[in-house]
Amino acid sequence: MRGSTAARRAATVIGGVGIASGVAALVAFRSGASTNVVIVAASFAPLLMAVTVVGAIVTAAARQWVLSGISALVLALGAWSFGPLWVDGAAGSDTDPQGPSIRVMQSNIMVGSADPQALVQTVRERKIDVLAIQELTEPAVAALRTAGLEETLPHTFLAPHATEGGGAGVYSRLPLSNGRTVAGMALTNLAVELDAGLPRSVQLYDVHPVPAYIAPAADWTEDFDRLRDEMDRAAAQDNVIVSGDFNATYAHRKFRDLRRGGYVDAADQLGAGILPTYPTDKRYPAIVGIDHILTKGAQATSLERIHVAGSDHHGLVADVRLGTDRNDAGQNGGGPTSG
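The rules we used
Residues numbered from 1 in each chain as written. Predicted model: local features only at pLDDT ≥ 70, side-chain atom pairs only at ≥ 80, totals over all residues. Heavy atoms only, no water. Helix = DSSP H or I, 4+ residues; strand = E, 2+ residues; numbered from the N terminus. Rg over C-alpha atoms; globule rule 2.2 N^0.38 Å. Buried < 20%, exposed > 50% of the residue type's maximum accessible area, 1.4 Å probe, protein only. Contact = heavy atoms within 4.5 Å. Areas by Shrake-Rupley, 256 points an atom, 1.4 Å probe, with all protein chains shown as cover. Lys, Arg positive; Asp, Glu negative; His and termini not counted. Charge placed at Lys NZ, Arg CZ, Asp CG, Glu CD. Pairing = 2+ DSSP bridges. Axes fitted to C-alpha atoms, helices over the stretch in contact; angles between N-to-C directions. Patch = residues over 30% accessible without salt bridge, like charges linked within 9 Å, V, L, I, M, F, W, Y side chains within 5 Å. Salt bridge = Lys/Arg side-chain N within 4 Å of Asp/Glu carboxyl O. Core = buried A, V, L, I, M, F, W, Y, C linked by side-chain atoms within 4.5 Å. Phe/Tyr/Trp six-rings, centres within 6.5 Å; stacked < 30°, edge-to-face > 60°. Lys NZ or Arg CZ within 6 Å of the ring centre and 35° of its normal. Polar contact = N/O pair within 3.5 Å; in protein donor to acceptor, adjacent residues only side chain to side chain. Parallel < 35°, antiparallel > 145°, perpendicular 65-115°, else oblique. Left-handed = near helix turned anticlockwise from the far one by under 90°. Nonpolar A, V, L, I, M, F, W, Y, C, P; charged D, E, K, R; others polar.

When its secondary structure is counted, the protein shows 10 helices and 12 strands. The C-alpha atoms of the protein give 22 Å as radius of gyration, which agrees with the globular expectation for 339 residues (20 Å, within 12%). Counting only residues that meet the buried cut, the protein has 50% of its 339 residues in that class. Of all intrachain contacts in the protein linking residues separated by at least 6 positions in sequence, the fraction that spans at least 24 positions is 69%. Accessible area of the protein: about 14800 Å², with a carbon and sulfur share of 55%. The average position of the 27 basic charges and that of the 33 acidic charges among the side chains of the protein differ by 11 Å.

Here is the structure:
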């Protein structure tokens, strides 16, 4: 009898913790508040929901039906929030691209620490057309050049930092033009046009909002507000691709707000679920999905998470089908040049 009572008490505690964890995940998912606590809670929302699953199982086994029922309700709300990530096409799209396809690779190279030879080999083997890099350093630029990256992707727009992690760069098989930095962002965020042989150039962003876990929440929020405004202005373009380390997951409302104006996350569009990309330099697997490729007008037709040797992030490779605007036939995107 005494053992049975202890087991029921333990089940009550586990069930209560599971419910509290799930509620915290749901509140963080829905909340528009931008505090470090909410931001971190949203980052780990799927893990918090996993605690609720454990609580539901334990309380059901202990016949704690009230707690089990509450756990089931919390899990149902979690499935309503996160379930569409696993449904192909659930994100919706008002486009049916009929243009050429390009292969885009996204990679944070951990302050230039990624193995340059391995990275170049990946680009060649996977026939990458466009590579968006974050945390690009000047030594990394030299190492990648020596490894032959600029022979494979000869058109570049680079803004490396000397040694710190704020730099960025775009390497491309396609000609580039009108490269610029996005004003007001804490780290270097790039915008550049790709000439894919269409009437209008493809607008590409290489983005890296500041990470909230080492910066004030206000800086993270301001970066997302500026990025959202920039993407809203670009939404008039026929094809926009936004690739980067967003330092945010699907569970962050600020990230989901970026999808207005017709933007779709490739993972969401393809029903790929949650793709954890960080960290990869620990003994445990990556636990948060902060690297993304978003498209507008264009549409991802495939998405793969890949290993990037020497980095603390997985990379992403997406095949992106570009849209065409027949009303703009004969117009030109404006004199692309290579860097």
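Turning our attention to the sheet that holds strand β11 (residues 299-306). In space, the 6 strands of this open sheet follow the order β3-β4-β2-β1-β12-β11, with mixed pairing throughout. The two strands at the open ends of the sheet, each matched to only one other strand, are β3 (155-159) and β11. Neighbouring strand axes in the sheet, compared pairwise and without regard to direction, differ in orientation by 15 degrees on average.

Attention now goes to the side chain of Ser-243. Within the secondary structure layout, Ser-243 lies in strand β8 (residues 240-245). The residues touching Ser-243, leaving out its near neighbours within four places in the chain, are Val-104, Met-105, Gln-106, Ala-132, Gln-134, Tyr-205, Asp-206, Val-207, His-292 and Ile-293.

On the surface, Val-40, Phe-44, Leu-47, Tyr-284 and Ile-287 cluster together into a nonpolar patch covering about 400 Å² of accessible area. Position of Tyr-284 relative to the elements: it lies in the loop between α10 (266-270) and β10 (291-296).

Formed by 24 residues in total, the largest nonpolar core has its most connected members in Tyr-205, Val-242, Phe-246, Leu-258, Tyr-263 and Leu-294. Leaving out residues up to four positions away in the same chain, Leu-258 has contacts with Phe-224, Leu-227, Arg-228, Met-231, Phe-246, Tyr-263 and Leu-294. Formed by 22 residues, the second largest nonpolar core is a distinct cluster that contains Val-104, Leu-174, Leu-190 and Ile-293.

The subject of this paragraph is unusual backbone geometry. Note the cis peptide between Tyr-278 and Pro-279, where omega equals -10 degrees. Considering the arrangement of structural elements, one finds Pro-279 in the loop between α10 and β10. Despite not being glycine, Arg-63 has its phi angle at roughly 60 degrees, a positive value. One can find Arg-63 in the loop between α3 (45-61) and α4 (65-82).

Each aromatic ring pair is summarised here by two numbers: the centre-to-centre distance and the angle between the ring planes. One pass over the full model with this rule turns up 5 aromatic pairs. If you follow Arg-256 out to its NZ or CZ, it ends over the ring of Phe-29, 3.8 Å from the centre.

Taken as a whole and assessed by the stated rule, the structure comprises 12 salt bridges. Glu-150 is paired through a salt bridge with Arg-145; the nearest N and O atoms lie 3.2 Å apart. By relative accessible area, which is 23% here, Glu-150 ends up partly exposed. A residue is classified by how much of its surface remains accessible, and Arg-145, at 44% relative accessible area, is partly exposed. Salt-bridge contacts for Arg-259 lead to Asp-268; the nearest nitrogen and oxygen are separated by 2.9 Å. The partly exposed category is assigned to Arg-259, whose relative accessible area is 24%.

Right, let's get into the side chain of Asp-319. Residue position: Asp-319 is located in strand β12 (residues 315-321). Here the side chain of Asp-319 touches Arg-103 through a polar contact of 2.8 Å, side chain to side chain. At a separation of 2.7 Å, a polar atom in the side chain of Asp-319 contacts the side chain of Ser-302. Apart from the residues lying within four places of it in its own chain, the contact partners of Asp-319 are Ser-101, Ile-102, Arg-103, Gln-299, Ala-300, Thr-301 and Ser-302.

Residues in a regular strand project their side chains so that they alternate between the two faces of the sheet. Of all the 5 residues making up strand β6 (residues 190-194), 5 are buried; the element is thus mostly covered by neighbouring parts of the structure. Burial of β6 is two-sided: the residues Leu-190, Val-192 and Leu-194 facing one way and the residues Ala-191 and Glu-193 facing the other way are all buried. Examined bridge by bridge, strand β5 (residues 176-181) and β6 share 4 bridges and lie antiparallel to one another. Paired with Arg-180 across the strands is Ala-191, a residue of β6. When β6 meets strand β7 (residues 202-207), the two strands line up antiparallel, connected through 5 bridges. Bridging across to β7, Val-192 finds its partner in Leu-204.

The subject of this paragraph is the packing of α3 against α4. At their nearest, the axes of α3 and α4 sit 9 Å apart, and the two run at 150 degrees to each other. Between α3 and α4, the crossing angle belongs to the class labelled roughly antiparallel. Note on packing geometry: the crossing formed by α3 with α4 is left-handed. Contacts between α3 and α4 involve Ala-45, Pro-46, Met-49, Thr-52, Val-53, Gly-55, Ala-56, Thr-59 and Ala-60 from the first element and Trp-65, Leu-67, Ser-68, Ser-71, Val-74, Leu-75, Gly-78 and Phe-82 from the second. For the contact of α3 with α4, the class distribution of residues is 11 nonpolar, 6 polar and no charged.

Read across the sheet, 6 strands follow the order β5-β6-β7-β8-β10-β9 without closing on themselves; strand pairing throughout is mixed. Here the strands that pair on one side only, and so sit at the sheet edges, are β5 and β9 (264-265). Packed on one face of the sheet, helix α8 (residues 217-234) meets β5, β7, β8 and β10 and runs near 170 degrees to β7.

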